Amino acid sequence: MIHLPENILSIRDFSSDQVHALLENCSENFAPIRSTDKWALLFLEPSTRTRASFQIAAQDLNFNPVIFEGTGSSLEKGESLNDTLENLWALGVNRFVIRQKTQGLLPELTDPRWRIINAGDGTGEHPTQALLDALTLKRKFNRLDGVKLLIMGDLLHSRVAHSWIYLAPLLGIELYLSSPEALKPGQNVTHWSPDPEEFLKKMDVVMTVRIQKERFNTQAELQTQFEAIEKKYQLKKDSLNSNQRFMAPGPVYWNSEIEGSLKEDSRSLILDQVKMGRVLRRTMMLSMSSVG
Ligand code: CP
């Protein structure tokens, strides 16, 4: 059994040993278990991959999670998220997967009575996405130490990029970042450039992250950044050689951050990432469940 952090709110909750152990334990083989725990999946912001993979992973283990969205719940009447968790706990829930809009709110929701997995908090972090990306790379390259990864696009708003900034050093991955000046990540980083050409040729893998159009204050600023990404940061068919790979956490805006012709390209790891989401999240849920 792997010993994971009590709550998985950030990659900073993990030690290097814990991340390695989690990735080592990920397997396509699984068996349903009897657990005394009750899971709820709270998706208070839109999601396709994360929600479906947590739900299918739960079904793999014979869990029957409560699926919970903001709309149609008493959150719409103004009930707080904290009160929502309290009430679900009273109904037997003691494991929460939460996606929500507000960055940094999750620590206030932790409680010794339950455990929380962050499924994406605003522009904060998306730890399970970065971990499943790492699992995808481990399977593809048979190693992680020394793999060179470039993430480019809207880094300011990308919770995936933010989690990767913490994850890369735990795995010995060399992380490079490129974005327009206005979309630089908030954290201090070693290798950032406004010019992706500085890094592209020496990378093993390139990850594009979409413009987070829902996070911009004005349409004019969004339009400016869409044009900047398309002009200078779009991954094109001839950007990479035959040994290099590319990935994206999704959703992808084809012909914005990635040229549309790359959709069927054999160098793509995008659907491998989606598949690894089920494997990684199943392993994580299993490790956080009491069997009995
Ligand atoms: N990568 C990711 O989080 O996708 P969804 O928003 O569809 O869950």
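Refer to the structure printed above.
Here we summarise the structure given alongside this text.

What counts, and at which threshold
- Residues numbered from 1 in each chain as written.
- Predicted model: local features only at pLDDT ≥ 70, side-chain atom pairs only at ≥ 80, totals over all residues.
- Heavy atoms only, no water.
- Helix = DSSP H or I, 4+ residues; strand = E, 2+ residues; numbered from the N terminus.
- Contact = heavy atoms within 4.5 Å.
- Buried < 20%, exposed > 50% of the residue type's maximum accessible area, 1.4 Å probe, protein only.
- Lys, Arg positive; Asp, Glu negative; His and termini not counted.
- Salt bridge = Lys/Arg side-chain N within 4 Å of Asp/Glu carboxyl O.
- Polar contact = N/O pair within 3.5 Å; in protein donor to acceptor, adjacent residues only side chain to side chain.
- Near = heavy atom within 4 Å.
- Areas by Shrake-Rupley, 256 points an atom, 1.4 Å probe, with all protein chains shown as cover.
- Arc of directions from axis to C-beta.
- Core = buried A, V, L, I, M, F, W, Y, C linked by side-chain atoms within 4.5 Å.

## A look at unusual backbone geometry
Among all residues except glycine, the phi angle is most often negative; among peptide bonds, the trans geometry is most common.
Logical step 1: P251 follows G250 through a cis peptide bond whose omega is -5°.
Logical step 2: Within the secondary structure, P251 sits in the loop between β9 (245–247) and α8 (270–287).
Logical step 3: The backbone of N142 sits at a positive phi, close to 60°, despite the residue not being glycine.
Logical step 4: Inspection of the secondary structure puts N142 in the loop between α4 (127–141) and β5 (148–153).

## Some remarks on the environment of S193
Logical step 1: When you line up the elements, S193 lands in strand β7 (residues 192–193).
Logical step 2: The spatial distance from the C-alpha of S193 to the C-alpha of S178 is 5.0 Å, given a sequence separation of 15 residues.
Logical step 3: Leaving out residues up to four positions away in the same chain, S193 has contacts with L177, S178, S179, E198 and F199.

## Quick word on the side chain of R281
Logical step 1: Mapping R281 onto the fold places it in helix α8.
Logical step 2: At 7.8 Å, D133 is the nearest oppositely charged side chain to R281, a buried residue that forms no salt bridge.
Logical step 3: At a separation of 2.7 Å, a polar atom in the side chain of R281 contacts the side chain of S53.
Logical step 4: Setting aside anything within four residues of it in sequence, one finds R281 in contact with R49, T50, S53, F54, A57, H126, T128, Q129 and L132.

## A word on the pattern of salt bridges
Pairing is possible between side chains that carry opposite charge, provided their charged atoms lie close to one another.
Logical step 1: All told, the structure shown has 17 salt bridges when counted by the stated rule.
Logical step 2: The partner of E24 in a salt bridge is K138, with the nearest N and O atoms 2.8 Å apart. With E24 in helix α1 (residues 16–25) and K138 in helix α4, this residue pair connects regions lying 114 residues apart in the sequence.
Logical step 3: Residue class for E24 comes out exposed when judged on its relative accessible area of 56%.
Logical step 4: Judged by its relative accessible area of 24%, K138 is partly exposed.

## Side note on the site of the ligand
Logical step 1: The ligand sits among S47, T48, R49, T50, R99, H126, Q129, P249 and G250.
Logical step 2: One of the side-chain nitrogen or oxygen atoms of T50 is found 2.6 Å away from an oxygen atom of the ligand.
Logical step 3: At 2.9 Å, a side-chain N or O of H126 approaches an oxygen atom of the ligand.
Logical step 4: Taking 250 Å² as the accessible area of the ligand by itself, protein coverage stands at 93%.

## Quick look at helix α3 (residues 81–90)
Side chains of residues three or four places apart in an α-helix project in the same direction, reflecting 3.6 residues per turn.
Logical step 1: All of the buried residues along α3 are L81, T84, L85 and L88. The buried residues of α3 occupy one face: seen down the axis, they fall within an arc of 95°.
Logical step 2: As for α3, its buried residues are in contact with β1 (39–43), β2 (66–69), β3 (95–100) and β4 (115–121).
Logical step 3: Backbone geometry just after α3 places G92 at a positive phi near 115°.

## Section: the nonpolar core
Logical step 1: If you look at the biggest cluster of nonpolar residues, it comprises 55 residues, and the most contacted ones within it are I151, W164 and M284.
Logical step 2: Contact partners of I151, with chain neighbours within four places excluded, come to A161, W164, L175, Y176, L177, S178, M207 and V209.

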